[in-house]
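# An overview of the molecular structure
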There are 2 protein chains.
Amino acid sequence: MAENVTIKTIASLLGISHSTVSRALQNNPRIGLRTRERVQEMAKNLKYVSNSGAQLLKNVTTHSVGIVVPNLHEEYFSMMISGIEDVLGQMGYQAIICQSRDDMQREKKAVEHFLRARVEGLLVSLSATTNQYDHFQNLGSYGIPIVFCDRTPKGFPSFRVRSVVETGMKSGLEYLFQKGIRKIALLNGPSYLLSADERLNTYLQGMLELKLETSPKYIRTTDLSKEDTSHQMRELLALENIPEAIIAFNDYVALDAIKVCREAGYNIPFLSFGNLPITNYMEHGPIASVEQFPYEIGQKAAELLRNVLNTKDLEYKEEVVHSVLKIRE
Amino acid sequence: MAENVTIKTIASLLGISHSTVSRALQNNPRIGLRTRERVQEMAKNLKYVSNSGAQLLKNVTTHSVGIVVPNLHEEYFSMMISGIEDVLGQMGYQAIICQSRDDMQREKKAVEHFLRARVEGLLVSLSATTNQYDHFQNLGSYGIPIVFCDRTPKGFPSFRVRSVVETGMKSGLEYLFQKGIRKIALLNGPSYLLSADERLNTYLQGMLELKLETSPKYIRTTDLSKEDTSHQMRELLALENIPEAIIAFNDYVALDAIKVCREAGYNIPFLSFGNLPITNYMEHGPIASVEQFPYEIGQKAAELLRNVLNTKDLEYKEEVVHSVLKIRE
DNA sequence: CTGTTAGCGCCTTCAA
DNA sequence: TTGAAGGCGCTAACAG
């Protein structure tokens, strides 16, 4: 087989011009049916694959969309990706994924790659270390729209879809309150994550509404590593007034923290965020978890991107997906 | 900002020729330092991004490698991807990921995309439903090497890296044997997976070596869905002679099966494959798990691909990563 | 050190 | 219904 089958190869083999081949391959009705069939058959036999480079040069769209996520091992993100893919699939688009590993440099590289590859759009969940957005600014001038999902930038106008934890957090606090629990601690994520901000704010607000006392001692943040989570949990256990319940930033934090508690002989109820499938296997998981619907977030983001692609001059807007408390015990 | 900044834009703005710009951008030392700096600064200001389409046309390599995995929610694959990425990163390559969702059609689409995008190589873990390999055959004629990881094709000569479970399985059987356990069942994966084949063979062989009886009743296969796994497990529990231990295809199967056992009031020890981090959170996980080192498999696969890229006419070869039994109780 | 020129594979007017 | 010709943005001889 020839190393490089191009339309010229097919053209000369068939004794026709390459423009005819090009048109035949696109099913252009101006080309005779007979010719079209012969061309397409030959193309198949020769295993011809169009060179997207050349097509790109002619502004033929790639029908691909880039996805950048912080990591792939959190079910949260893989579910979000599935939501995106399912919508994209219906549009006949291919989803291409890169992970930033929560490293801004890698995120930049991924974005640059997508930019060079001229994807038609980008769906991004920011890396935890991203503190500037230059690499996204460029895309605008290339007409490549971005939709941020869940991990959205601060002070950077853009399309975005994010989870709102308010409802979930408040139902959670009420749930604990009804059980007679008053001393509720928050084991939060790092403050540079918007979602940690939001948890803190709604926690404080919810506590206030329930007229419950809060104390700085009951509010700790972990960098999400198992080590730090364990450390922070131990600090909570070292208080004179050990909390009666703990709200964890997400299921992973909850699991790590619960382990520490149980090893220390405590059986403190946990409430967490995520409601991920893995917690179904736990005998001692959180007693309730706030479902954030990552699949739906992905879907909404992809649908928003579809709208942006169809309606070129859409105004920036934000869509939200509300969370719901799921009681598991 | 101009919609499309090309080297010509920069050239005319600077009053030099576009080839000078091209060279300056590549840091070609033949271009004067002064000019180079001016060009690069202007490029930065204008947020110039090279058009990879045009570069592709000139056979400039993309420095990207495509990865196709069955799914992203299994930690096994995300760890494999991390192994790949870390090696690729050192080479200055970008990893691009698609998931096939265990669907051959999607797998084909992903491969076609990568082919058009002219990635320099492909790393593939086959979808469970892939039963023909035409879509991989093409790549050869385009000089795009493929390395199959873990889920490798049957009867299709290729580069491959796979996990060998023999050592792990045998240590596992011996471990159970030493505990006085004799009736050992196998809850295997679907037979179209090579890895299921391998587990079955080594199980039978190991049992024979230990002079233990085997029975078809003790060998069941699940399609890996929670439902089927639960069903198969219930069948095992319905036997007159309930097995004293069960070897599960992987950690997920084990977790699903263990749940069924415990709900039925049984406390049968499980041995499984994967040794995935999630099992660390389980109070009643498998008593031992065979570590398969997916990260290392990814690394080896990427290294093999690197060799193939450097040494164009390498012979097909297979590398293996041996498994190790990890006792957890 | 820099400019001129040709061409990568494809699509698309324009002509026939 | 088809062919000829030009050009997309870039790189790389080949000339200066």
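Now for a description of the structure that goes with this document. Since this is a predicted model, take the numbers as computed values, not measurements. (Residues numbered from 1 in each chain as written. Chains lettered and ligands numbered in written order. Predicted model: local features only at pLDDT ≥ 70, side-chain atom pairs only at ≥ 80, totals over all residues. Heavy atoms only, no water.)

### Description of the packing of aromatic side chains
Residue and element names in this part refer to chain A. Tallied over the entire structure, the rule returns ten aromatic pairs over all chains. Seen in terms of ring centroids, Phe-159 and Tyr-316 are 5.0 Å apart; in terms of plane orientation they differ by 80°. Their pairing is edge-to-face. Here Phe-159 is found in strand S5 (residues 159-164), whereas its partner Tyr-316 is found in the loop between helix H12 (294-310) and strand S11 (318-322), with 157 residues between them in sequence. Site record: aromatic cluster; members linked through ring pairs are Tyr-133, Phe-136, Phe-148 and Phe-156. Seen from the ring of Phe-177, Arg-182 lies directly overhead, with NZ or CZ sitting 3.8 Å from the centre. (Phe/Tyr/Trp six-rings, centres within 6.5 Å; stacked < 30°, edge-to-face > 60°. Helix = DSSP H or I, 4+ residues; strand = E, 2+ residues; numbered from the N terminus. Lys NZ or Arg CZ within 6 Å of the ring centre and 35° of its normal.)

### What to know about the interface of chain A and chain B
The parts lose accessible area when they come together, and the size of an interface is often stated as this lost area. Facing 53 residues of chain A, the contacting portion of chain B comprises 52 residues. When chain A packs against chain B, close to 4600 Å² is buried across both sides, 52% of that on carbon and sulfur atoms. Linking chain A with chain B are six salt bridges. The partner of A:Arg106 in a salt bridge is B:Asp86, and the shortest N-O contact between them spans 3.7 Å. Applying the counting rule to chain A against chain B returns 15 residue pairs in polar contact (both at pLDDT 80 or more). At the level of elements, helix H4 (52-57), helix H5 (75-90), strand S2 (94-99), helix H6 (104-116), helix H7 (134-141) and helix H11 (251-263) of chain A are the ones that each hand at least two residues to the side of chain A that touches chain B. Residues belonging to the side of chain A that touches chain B are distributed by class as follows: 23 nonpolar, 16 polar and 14 charged. (Contact = heavy atoms within 4.5 Å. Buried area = accessible area lost by both parts, 1.4 Å probe. Salt bridge = Lys/Arg side-chain N within 4 Å of Asp/Glu carboxyl O. Polar contact = N/O pair within 3.5 Å; in protein donor to acceptor, adjacent residues only side chain to side chain. Nonpolar A, V, L, I, M, F, W, Y, C, P; charged D, E, K, R; others polar.)

### Notes on the sheet that holds strand S9 (residues 270-274) of chain A
Residues and elements named next belong to chain A. In spatial order, the strands read S7-S6-S8-S9-S10-S12; together these six strands make up an open sheet with mixed pairing. Looking at strand neighbours, the two that pair on one side only are strand S7 (219-221) and strand S12 (324-327), the edges of this open sheet. Looking at each pair of strands side by side, their axes are set apart by 20° on average, direction ignored. When strand S8 (residues 245-248) meets S9, the two strands line up parallel, connected through two bridges. Residue Ile-247 lies in a different strand from S9, and its bridge partner there is Leu-271. Docked against the sheet, helix H10 (residues 226-237) engages strand S6 (184-188), S7, S8 and S9, running at close to 160° with respect to S7. (Pairing = 2+ DSSP bridges. Axes fitted to C-alpha atoms, helices over the stretch in contact; angles between N-to-C directions.)

### As for the relation of the copies chain A and chain B
Between chain A and chain B, the superposition needs a rotation of 180° and an axial shift of 0.1 Å, giving an RMSD of 0.2 Å. The transformation relating the two chain copies, once decomposed into turn and shift, fits a two-fold axis. Of the C-alpha atoms belonging to chain A, the one lying closest to the rotation axis is found on A:Gly53, 1.9 Å away. (Least-squares fit on C-alpha atoms with pLDDT ≥ 70 in both.)

### Side note on H6(A)
Residues and elements named next belong to chain A. Counted at 1.5 Å a residue, the expected span for H6 with its 13 residues is 18 Å, and the 18 Å between its end C-alpha atoms agrees. For H6, the set of buried residues is Met-104, Glu-107, Ala-110, Val-111, His-113, Phe-114 and Leu-115. With a side-chain oxygen lying 3.0 Å from the backbone nitrogen of Gln-105, the N-terminal cap of H6 falls on Asp-103. Directly after H6, the chain includes Arg-118, whose backbone phi takes a positive value near 50°. (Expected span 1.5 Å × (residues − 1). Buried < 20%, exposed > 50% of the residue type's maximum accessible area, 1.4 Å probe, protein only.)

### A few points about the protein's contact with DNA strand C
Around DNA strand C, 28 residues are found, and the nearest of them are A:Tyr48, B:Ser19, B:Thr20, B:Arg30 and B:Lys58. Across the atoms of DNA strand C situated within 4 Å of the protein, the share located in sugar and phosphate is 55%. Separating a base nitrogen of DNA strand C from a side-chain N or O atom of A:His18 is a distance of 3.3 Å. One of the backbone N or O atoms of A:Asn51 is found 3.4 Å from a phosphate oxygen in DNA strand C. When contributions to the surface near DNA strand C are tallied by element, the ones reaching two or more residues are helix H2 (18-25) and H4 of chain A together with helix H2 (18-25) of chain B. (Near = heavy atom within 4 Å.)

### Describing the pairing of S8(A)
All names here are of chain A. Burial of the side chains of S8 extends over both faces: Ala-245 and Ile-247 are buried on one face and Ile-246 and Ala-248 on the other. Summarising the sheet, S6 and S8 pair through four bridges and their orientation is parallel. Within S8, the position partnered with Leu-186 by the bridge is Ile-247. The β-α-β motif built from S8, the intervening H11 and the parallel element S9 has right-handed crossover chirality. (Right-handed = clockwise from strand over helix to strand, strands pointing away.)

All quantities given are derived from atomic positions and should not be read as evidence of function.
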